[in-house]
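# A closer look at the structure
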Amino acid sequence: MTSMPLYRFSVHGLFVVVFLASFSQCIAEDWYRWRGPSGDGISRETDWKCDWTDGQAEIAWSRSVGTGFSSVVVKDGRAFTLGHVDGQDIVYCINVADGQTVWTFGYPAELDDRDFEGGPISTPTVDGDRLYVMGRAGELFCLQISDGTKLWGKNIADETEVRLPGWGFSAAPLVIGDTLLLNVGESGVAVDKHSGDLLWSSDDRECGYASPVLIPNSEPTAAVIASGKAYVGVDVQSGEQLWAERWLTSFNCNAADPIFHDGKMFLSSGYNRGSALFDISGETPDLIWKSKEMKNQIHTSILYQGHLYGIDGDMETGARLRCMDWSTGDIRWSVDDLRPGGLAMADGKLLLLTEPGDLIIAPATRDGWEPIARSKVLDGKTWTSPVLSGGRIFCRSIRGQLVCVDCRD
């Protein structure tokens, strides 16, 4: 007699939990690290809209966050990014509801505007109640996200005695358990995320600009680090190099993250380097195909339903948006006159931010580029990928204008 009410309660409770979980997933997904929770550039949010009246999106707020390329991460109603202002790199914690500053944390830094506008180029990482920040000169900080208190900080390049890459460190820190993995040196550096203590380091050779990426289902747990001359598989616990795929690019600019799927690895770089797909089921990568048809200079492509959507070509000389077949490398379609500046995906749709600041929404399909919404949201040069979280799209220009586009249903 007593089991029935409990059973009925449990079913009801299970329904509530499932409903709330589904509801929560639809309404809001924290975008707490570079390329989102799954590290693939895709938001799982579905409850957002882009039926913009008269072709103009609703701008909830706009503010300045300083010069730089840092993207936005979002956690529990707060957005975090980096920008350069008056001799400092500033970490901003912003209330997503109204764009107001919750707190800032600054450290001395050069603008370093050689070849581009300068400022920080990495994206912070949120892990629990902590924020990890990497500066171009090797500044590494762990901040308390509630109020910006510094829990620990150091210069990791000085400590490990490795050289800076030409344009400074750009990779986002990657949290793996208690380890913070960084693209510093030939094949990475690892520190204890709680204390900042050095766990292991690699040789003093120039690193690339891509962020570390875990290899799915690897044993031992392994990640790939981009150096200036190769993509290197490393054992996360020991730092041992497992393999290195030689990948030479002009200016040592390997900036696009590797993409893993179904036991394969996709690599791509700009400066006419091109791309390639490898089988990584063996001890070393085995080439499947290579191509000059997708050259990701600074933006990593997005893999969706067997196709790569990416920005091909060098940004300064004219890039284009393309769709490439994952398994063959064949181009399905290409749009040459968009001037793409950044790319993301949500609910089966591409979110393209053009270099002049137009936000364009289009279904991600191999059949072609057919936009369903377009709105001018920014002025000035824009090379940072848009971020969708909680029904809001965050777009940023290089000069530091950050806008929040309200797409809540």
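Overview of the structure.

Calculation criteria
Residues numbered from 1 in each chain as written. Predicted model: local features only at pLDDT ≥ 70, side-chain atom pairs only at ≥ 80, totals over all residues. Heavy atoms only, no water. Helix = DSSP H or I, 4+ residues; strand = E, 2+ residues; numbered from the N terminus. Rg over C-alpha atoms; globule rule 2.2 N^0.38 Å. Buried < 20%, exposed > 50% of the residue type's maximum accessible area, 1.4 Å probe, protein only. Contact = heavy atoms within 4.5 Å. Areas by Shrake-Rupley, 256 points an atom, 1.4 Å probe, with all protein chains shown as cover. Lys, Arg positive; Asp, Glu negative; His and termini not counted. Charge placed at Lys NZ, Arg CZ, Asp CG, Glu CD. Pairing = 2+ DSSP bridges. Salt bridge = Lys/Arg side-chain N within 4 Å of Asp/Glu carboxyl O. Polar contact = N/O pair within 3.5 Å; in protein donor to acceptor, adjacent residues only side chain to side chain. Phe/Tyr/Trp six-rings, centres within 6.5 Å; stacked < 30°, edge-to-face > 60°. Lys NZ or Arg CZ within 6 Å of the ring centre and 35° of its normal. Core = buried A, V, L, I, M, F, W, Y, C linked by side-chain atoms within 4.5 Å.

Looking only at helices and strands, the chain has 2 helices and 33 strands in total. Taken over C-alpha atoms, the radius of gyration comes to 21 Å for the chain, in line with the 22 Å a tight globule of 409 residues would show. Principal-axis analysis of the C-alpha atoms gives the chain an extent of 65 × 50 × 50 Å. A buried classification covers 57% of the 409 residues belonging to the chain. The long-range share in the chain, meaning contacts at least 24 apart out of those at least 6 apart in sequence, stands at 50%. Accessible surface, the chain: about 17,200 Å² in total, of which carbon and sulfur atoms supply 48%. Distance from the positive charge centre (36 side chains) to the negative charge centre (56 side chains) of the chain: 2 Å.

Turning next to the pairing of strand β6 (residues 101-108). Where strand β5 (residues 88-95) and β6 come together, 7 bridges link them in antiparallel fashion. Pairing of D89 across the sheet is with Y107, part of β6. Where β5 folds back onto β6 in an antiparallel hairpin, the turn is made up of 5 residues, including G99, whose phi is positive at roughly 80°.

So, about the pattern of salt bridges. Inspection of every chain in the model, using the stated rule, returns 22 salt bridges. In this structure, K193 engages D127 in a salt bridge whose closest nitrogen and oxygen atoms are separated by 2.7 Å. Linking K193 in the loop between β13 (189-192) and β14 (198-200) with D127 in strand β7 (residues 125-127), this pair joins segments that are 66 residues apart in sequence. Exposure remark for D127: the relative accessible area of 22% places this residue in the partly exposed category. The partner of D379 in a salt bridge is K376, and the shortest N-O contact between them spans 4.0 Å. We classify D379 as exposed; its relative accessible area is 54%. Salt bridges linked by common partners bring E293, K295, D312, R320, R322 and D336 together as one network.

With respect to the element layout, N296 can be found in the loop between β22 (286-291) and β23 (302-304). Classification of N296 by relative accessible area gives buried; the value is 1%. A polar contact is formed between the side chain of N296 and the backbone oxygen of I311, at a distance of 3.0 Å.

One pass over the structure, following the stated rule, counts 16 aromatic pairs. A centroid spacing of 6.4 Å and a plane angle of 80° characterise the contact between Y231 and W247, whose relative ring orientation is edge-to-face. Here W247 lies in the loop between β18 (241-246) and β19 (259-261) and Y231 lies in strand β17 (residues 230-235), a separation of 16 residues in the sequence. Like Y231, the residue W247 is buried in the burial classification. A ring pair is formed by F266 and W289, whose centres lie 6.3 Å apart and whose planes are at 55°; its orientation type is tilted. Separated by 23 residues along the polypeptide, F266 in strand β20 (residues 264-269) and W289 in strand β22 bring together distant segments of the chain. In this structure F266 comes out as buried when scored by relative accessible area, which is 1%. Among the aromatic residues, those joined into a cluster by ring pairs are W167, Y209, F251 and Y271. For the cation-ring pair, R273 lies above W247, with the distance from its terminal atom to the ring centre recorded as 3.8 Å. The ring of W383 has K381 lying over it, and the distance from NZ or CZ to the ring centre is 4.2 Å.

Glancing now at the nonpolar core. Of all hydrophobic cores here, the largest spans 28 residues; its most connected members are Y309, W333, L343, L350 and W369. Looking at this core, the elements with two or more residues in it are β24 (307-312), β25 (320-325), β26 (331-335), β27 (340-346), β28 (349-354) and β29 (358-363). If sequence neighbours within four positions are ignored, L343 has contacts with I302, Y309, G310, I311, L321, L350, L351, L352, S385 and P386. If you look at the next biggest cluster of nonpolar residues, it comprises 19 residues, including I361, A373, V403 and V405.

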